[in-house]
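Coordinate inspection notes
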Amino acid sequence: MIDRILIDRPKYLEQLNKWKDKSDLVKIVTGVRRCGKSKLFTLYQNHLLKNQQVEQSQLFSVNLENPIETRECGLKLNNNNQLENYEILLDYILSKLNKNKMNYVFIDEIQLLENWQHIANALRLVENVDLYLTGSNAYMFSTDLANSFGGRYIEIKIQPFSFKEYIEAYKQKQLPIKNIQELYSHYIRESGFPQTLDFIGDRQAINDYLLNTVYLNTVQKDIVKRFNIAEADKLDSFVNYIFDNIGNETSLRGIEKILKASGRKISVPSIDLYIKGLLDSYLLYKCEKYDIKGKQILDSNSKYYVADLGLRTVLLGQEEKDLGHILENVVYLELIRRGYKVSVGKITKQTTEGRKTLEIDFVAQRPGEIKEYYQVALYALDEDVLNREIAPFKEIKDNYPKFLLSLDFGYGETNGIKRINVLDWLLEEN
């Protein structure tokens, strides 16, 4: 029996509440499909009703991806189960507004409505409307859209469950709690997509959900259809390649050569298009290189990380391969979740053999705060491994915080470099 308990997501609720009643700002929650955007709206509506003295009559909610819900609102759909135009929804919402109180309007998957920015802009200008939207495509934030809003929107980025949220979900669902190392293994294998916790213990159900409901749904609706891709099998081949190479420096030309050598001929323009589609649909994240000494982003090979490790496992059909890069992926997502801008650090040093380039896994910085440097390793107790991991830190001349995250138990410090158990770090308050 499927458990429909709503899992609390306090960090995102806090962000929504921060902008409550700022009615001239449209709040847009973005993220990969099925990461919990709609459930977050339900949680927030419950919060408004319970803690903010908001009445049910002040709430209006519609999910444009759900034709049944749309019809239940009294809206007529065409043969494609979509609204004919944005005016239909706008007129309906305006007719339902409580004229004497603030109205909280929630519209899910707004990008499905053609010219949706017009309805958003119109409602933003209504004094007693506080507007909240969700979207699954980054191209919503094109220059034209930003200009049409005059910059009057707030983007709240949501991801599948973090490791900390995953453990909290286990507790809320009263699932048997294992030790933290075993929970981490489940997390990277079985996914942080919220609904997968309804199928704990049924690996086939989890696989089917991730493949059909998440991956194929996203690829078909957000990439193949949008870019009019005729050869979807080539896209699938590319996805398998890029998912299998998380944490590795990658160039378009290099990908083309490798795929060609393996019998899969995909042109550079097609690869560029596929990457754009994956980034825009939030299935993939790009991490650029940063010259630590020159203090500038480098226009060269980047690294890529996936939105969810369980989805990667399903697509690649493997579980225990490349655990170091998997851990790196988890740390990258956590840094992004905590509000950092993240890049790969590069630093050069002169040796007797010539110039040598060293790498810092992540250079992270939040707006208005100092930089932080992170190295990620599965284990670093071995002296040779430890020396290798901290060697790049020694070439950095500033005094910004430096961290070595690993699965080793305990804490320590080496030459000012803090060594922290990564699972403890993932569970920190931040």
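Below is a short write-up of the structure. Not measured: the values here are computed from a predicted model. (Residues numbered from 1 in each chain as written. Predicted model: local features only at pLDDT ≥ 70, side-chain atom pairs only at ≥ 80, totals over all residues. Heavy atoms only, no water.)

Scanning the protein chain for helices and strands turns up 16 helices and 13 strands. The C-alpha atoms of the protein chain give 23 Å as radius of gyration, which agrees with the globular expectation for 430 residues (22 Å, within 12%). With respect to the three principal axes, the spread of C-alpha positions in the protein chain is 75 × 50 × 45 Å. Counting the 430 residues in the protein chain, one finds 51% classified as buried. Residue pairs at least 24 apart in sequence account for 68% of intrachain contacts in the protein chain once pairs closer than 6 positions are excluded. For the protein chain, the accessible surface area stands at approximately 20600 Å², while carbon and sulfur atoms represent 47% of it. (Helix = DSSP H or I, 4+ residues; strand = E, 2+ residues; numbered from the N terminus. Rg over C-alpha atoms; globule rule 2.2 N^0.38 Å. Buried < 20%, exposed > 50% of the residue type's maximum accessible area, 1.4 Å probe, protein only. Contact = heavy atoms within 4.5 Å. Areas by Shrake-Rupley, 256 points an atom, 1.4 Å probe, with all protein chains shown as cover.)

Moving on, we come to the sheet that holds strand β5 (residues 153–157). Two strands in a sheet stick together by hydrogen bonds in their backbones, pointing the same way (parallel) or opposite ways (antiparallel). With parallel pairing, five strands are arranged side by side in an open sheet as β2-β3-β4-β1-β5. What marks the edges here is a single partner per strand, and that holds for β2 (59–63) and β5. Strand-to-strand twist across the sheet, computed as the mean angle between neighbouring axes with direction ignored, equals 15 degrees. Where strand β3 (residues 103–108) meets strand β4 (residues 129–135), five bridges bridge the pair, whose relative direction is parallel. The residue bridging phenylalanine 106 from the neighbouring strand is tyrosine 132, located in β4. Relative to the sheet, helix α1 (residues 10–18) contacts β1 (26–30), β4 and β5, its axis offset from that of β5 by approximately 175 degrees. (Pairing = 2+ DSSP bridges. Axes fitted to C-alpha atoms, helices over the stretch in contact; angles between N-to-C directions.)

Take the packing of helix α7 (residues 163–172) against helix α8 (residues 180–190) next. The contact between α7 and α8 brings their axes to 10 Å, and the two run at 105 degrees. Relative to α8, the element α7 lies roughly perpendicular. Of the residues in α8, those touching α7 at Phe163, Tyr166, Ile167 and Tyr170 are Ile180, Leu183, Tyr184, His186, Tyr187 and Glu190. Of the residues that constitute the contact of α7 with α8, the class distribution is eight nonpolar, one polar and one charged. (Parallel < 35°, antiparallel > 145°, perpendicular 65-115°, else oblique. Nonpolar A, V, L, I, M, F, W, Y, C, P; charged D, E, K, R; others polar.)

Core analysis: the biggest nonpolar cluster contains 95 residues, and Phe238, Leu335, Phe362, Tyr374, Val422 and Trp425 have the highest contact counts within it. Of the residues forming this core, the biggest block, 10 residues, is contributed by helix α9 (residues 203–227). The next biggest cluster of nonpolar side chains, apart from the first, holds 28 residues, and it includes Val62, Leu113, Leu131 and Tyr153. (Core = buried A, V, L, I, M, F, W, Y, C linked by side-chain atoms within 4.5 Å.)

Here we come to the pattern of salt bridges. All told, the structure shown has 29 salt bridges when counted by the stated rule. The partner of aspartate 24 in a salt bridge is arginine 152, and the shortest N-O contact between them spans 2.2 Å. Of this pair, aspartate 24 sits in the loop between α1 and β1 while arginine 152 sits in the loop between α6 (143–149) and β5, placing them 128 residues apart in sequence. We classify aspartate 24 as partly exposed; its relative accessible area is 33%. Arginine 152 gets classed as partly exposed once you look at its relative accessible area, which sits at 32%. Aspartate 280 is the partner of arginine 226 in a salt bridge, and the nearest nitrogen-oxygen pair spans 2.7 Å. Placement of the pair is arginine 226 in helix α9 and aspartate 280 in helix α12 (residues 268–280), with a sequence separation of 54 residues. (Salt bridge = Lys/Arg side-chain N within 4 Å of Asp/Glu carboxyl O.)

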